[in-house]
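Architecture at a glance
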Amino acid sequence: MIRRLYDWTLGLAEHRYALVALAIVAFLESSVFPIPPDLLLIPMIIAAPRRAFMIAGICMVASVAGGLLGYWIGYSVFETVGRPVLEFYGKDAYFDEFATRYNEYGAWMVLIAGVTPFPYKVITILSGSTGLSLPVFIVASVIARGLRFFIVAALLWKFGAPIRDFIERRLGLMFILFVILLLGGFYVVKFL
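The text that follows walks through the structure, step by step, so that each part is easy to find.

The rules behind each value
Residues numbered from 1 in each chain as written. Predicted model: local features only at pLDDT ≥ 70, side-chain atom pairs only at ≥ 80, totals over all residues. Heavy atoms only, no water. Helix = DSSP H or I, 4+ residues; strand = E, 2+ residues; numbered from the N terminus. Buried < 20%, exposed > 50% of the residue type's maximum accessible area, 1.4 Å probe, protein only. Core = buried A, V, L, I, M, F, W, Y, C linked by side-chain atoms within 4.5 Å. Contact = heavy atoms within 4.5 Å. Phe/Tyr/Trp six-rings, centres within 6.5 Å; stacked < 30°, edge-to-face > 60°. Lys NZ or Arg CZ within 6 Å of the ring centre and 35° of its normal. Salt bridge = Lys/Arg side-chain N within 4 Å of Asp/Glu carboxyl O.

1. Looking at the side chain of E29
Inspection of the secondary structure assignment puts E29 in helix α2 (residues 18-29). Note on E29: relative accessible area 5%, which makes it buried.

Written as structure tokens, this is what we have:
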């Protein structure tokens, strides 16, 4: 099922309404959809590199808007809608323990989930269900999703199709290493 959904999503990149499809996928991926918008973003930018940053901008705005839907799911309908999504991703067992500490580091969690392969939808729902400050959530989401999509756009704009393999296979790892270095830097500054 996931493979068919993956292939269907990839096919949308060639459609004449690809930007609309990208916005819809980015919106839904931030709250319930399992396929990341990068699958549309990458081929669309390769096909039209001059529009790379506009495409990334649409993806970012739609993703943050979808994140607000995820936040609302967590805030308003967590038990009936949010908990099943978390169960689907296997994160429901950790929720109660996690929620007690979440708001202390909530902005960091949104930033990390927004740039790494960790399912962003889990964090959007947790943010709403734990009552993370909405302005903090929005700012962290804009920064994180902007970094993720604009870095991909910049790499594709600069290097074109040859960088596609790197992005598809290793960019998640690079973002994880970036987050580790960033957090390590803050730790060093704070404690040394």
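2. Quick look at the nonpolar core
Core analysis: the largest hydrophobic core is formed by 25 residues, its most contacted members being L22, L41 and I45. Residue contacts for L22: discarding those within four places in its chain leaves P37, L40, L41, M44, I55 and C59. Counting 17 residues, the second-largest nonpolar core is a separate cluster that includes F78, Y102, I125 and F137.

3. Describing the packing of aromatic side chains
Across all of its chains, the model carries five aromatic pairs by this definition. Taken together, the ring pairs connect F53, F150 and W157 into an aromatic cluster. Of note, R145 hangs over the ring of Y120, and the distance from its end group to the ring centre comes to 4.2 Å.

4. A word on the pattern of salt bridges
Tallying each qualifying case throughout the model produces three salt bridges. Of the charged contacts in the structure, one is a salt bridge between K121 and E29, with a shortest N-O distance of 3.5 Å. Note that K121 is positioned in helix α7 (residues 120-130) and E29 in helix α2, a separation of 92 residues in sequence. Comparing K121 with E29, the two get one shared label, buried. One salt-bridge network, held together by shared partners, links E29, K121 and R145.

All we've got here are geometric facts, nothing functional implied.
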